[in-house]
Each structure stands twice: as C-alpha cells, then as structure tokens.
Amino acid sequence: MKRMNQSLKNWTVLAFALSLAACGGSESTDTAESTIESAADTVTETVDDAVDTATEAADGAVDAASDMMDDAADAVADAVDETVDAADDAMDAAHSTMDSAADAVDDAAGALAGAAAAPPADDGDPCTLNITAGDNIAYSTNELSVPSSCTNVTVTLTHTGNLPKIAMGHNWVLAAAGDADAVAAAGTGAGVDGNYLPAGDERIIAATELVGGGESSSVTFALSKLKSGTDYVYVCSFPGHWTIMKGTFTVTG
Ligand code: ZN
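Residues numbered from 1 in each chain as written. Predicted model: local features only at pLDDT ≥ 70, side-chain atom pairs only at ≥ 80, totals over all residues. Heavy atoms only, no water.

What follows covers the state of the cysteines. As enumerated under the stated definition, the model contains 1 disulfide in all. Disulfide pairing places Cys127 opposite Cys150 at an S-S distance of 1.9 Å. Between Cys127 and Cys150, the disulfide has an S-S torsion of -90° and is therefore left-handed. Of the two residues, Cys127 is situated in the loop between helix H2 (26–116) and strand S1 (128–133) and Cys150 in the loop between strand S2 (143–147) and strand S3 (152–159); the sequence distance between them amounts to 23 residues. For the pair shown, Cys127 and Cys150 are each scored as buried. (Disulfide = S-S within 2.5 Å. Helix = DSSP H or I, 4+ residues; strand = E, 2+ residues; numbered from the N terminus. Buried < 20%, exposed > 50% of the residue type's maximum accessible area, 1.4 Å probe, protein only.)

With that out of the way, let us pick up the pattern of salt bridges. Overall, the coordinates contain 2 salt bridges when judged by the stated rule. The closest approach of N and O atoms between Lys246 and Asp181, which form a salt bridge, is 2.7 Å. You can see Lys246 sitting in strand S8 (residues 246–252) and its partner Asp181 sitting in helix H4 (residues 180–186), a full 65 residues away along the chain. The partly exposed category is assigned to Asp181, whose relative accessible area is 35%. (Salt bridge = Lys/Arg side-chain N within 4 Å of Asp/Glu carboxyl O.)

This part takes up the confidence of the model for the protein chain. On average, residues of the protein chain score 78 in pLDDT, and 57% of them reach the 70 mark or higher. Contacts for the low-pLDDT stretch residues 1–25, under 50 throughout, to residues beyond four places or in other chains number 20 contacts. (pLDDT = per-residue confidence, 0-100. Contact = heavy atoms within 4.5 Å.)

Reading across the sheet, the 5 strands line up as S2-S8-S7-S4-S5 and stay open at both edges, with mixed pairing between neighbours. Each edge of the open sheet carries a strand with a single partner, namely S2 and strand S5 (206–207). Direction of pairing for strand S4 (residues 173–176) relative to strand S7 (residues 232–235): antiparallel, over a ladder of 4 bridges. Bridging from a neighbouring strand, Ala175 pairs with Val233 of S7. (Pairing = 2+ DSSP bridges.)

Residue position: Ser217 is located in strand S6 (residues 216–222). For Ser217, the side chain forms a polar contact with the main-chain nitrogen of Glu209, separated by 2.9 Å. Those residues in contact with Ser217 that sit more than four places away from it in its chain are Val155, Thr156, Leu157, Thr208, Glu209 and Val211. (Polar contact = N/O pair within 3.5 Å; in protein donor to acceptor, adjacent residues only side chain to side chain.)

Right, here's the structure in full:
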C-alpha cells in the first residue's frame, strides 16, 4: 500500500510537470523537462521495485508451490503406506479365511470318513450283499442268501465301530460248514497282516480283508464255486471271534 501511494504521488508530479510544459515559457519549459526526467526516473525506479517485488512474490509462490508439492507427495506416500497396510490386513484376513476353509474341508473330510463307515445302501441287486459289524463280536445278521441265478456274488463288510482292527478286527470268510472252524484256527498264526487266514488255503471260498473301525472291504466270487448239497457258513477268523461271529450262507431257487 505504501508503494502504491508512492506511485500515485509520482504520477501526480509527472502530470503537474506535463501541464507546466504545455502552458509555460522557455524557462519554465526547462524546469518542466527537468521535472519530467526526474519524474520519469522515479517511475522507472518504481517499476523496477515493482518488478523486484513481483519477482520475489513469484519466488515465494514457487517456494510455496514446491512446499505444497512436497506435502502432496508426502500425503500420497502416506496414503500408499496406509493402502499397503490395509492390503496386508486384507491378506491376513484372507489367509485366516483360507485356514478356516481348510479346517472346514478337514471337518467335511472327517464327516465323509465317518459316513464311509456306514454300509452302502441296498441297490436292490440280490447278488450284492451288505453286512456290518461294530465294536462287539457280532455280525449284523447270521443269515445271508442269494438266488442261484447269480453268476457272481459280492459281499461288502463294513466295520461301523471305532476300535482298530488289531483290537477288534473283523473279516468275512466263506467256507463249507465243516471247514470253517479249522480254517479260522489255522489262520491265527497269520496275524493281522495275514488277515488271520492260512495263505493259499483252498478251503477258503471267499474272504474280505480284515477291517477295523470305519473301514470296509468287499469280495466278489463266482457262485459256481459252491456245490449243491453242501452247507456253507461265513465266519470272522479274528482269534476268539469265529465261534460267535458265524452265519449261514444259502443259495435259493
Ligand atoms: Zn471279528
């Protein structure tokens, strides 16, 4: 404001000098010229000052703009850091979710394993038989029969209990009624790994694997291996089981 007042004053002096020059004589003309020069110098200086001031202001503006750019850059960097942190958190959350999903899958797999211990549904095929045994020494049935029209017979034994086969193993062994106990007794020395059966014994018509809790085993055999006029039984050859776990196997029709 002070500078502007100075400027107005200078222009007033200049205007006065010009008016003198316009209406004065030669003497006053010299004086007016001198005054005009002086006023012109003052104006020039004033303009120079104004330019300096503008330059300083521009520098200041540039500095301010530079500071603002720095601040903006800092803000962007901070925002990026925050975004990265947020992304890290999201990744952690995603991993946690994945762990939960994996646990759920494990649970589902466990449920499926448990479901696998249930005997297969009866498919209506009379040549396909299902039998179960649990943590006690007993079959689910002591009578099985198939029609003579079957070419092959499949028997599936499912252990619906929880005990391991070394403690409460079960199998399903088909033999002539007169051979069954002897075959089972002969298998005692074979142990769990040998399915408690004498290897290669031709008296064994059919036999599943020894199974423990949650496991099942199937065996398929040709019905032509059974002779008419002979009684057949199935037993579990696990030591001590065959006297109790025994059923009759008949061919009908
Ligand atoms: Zn058994």
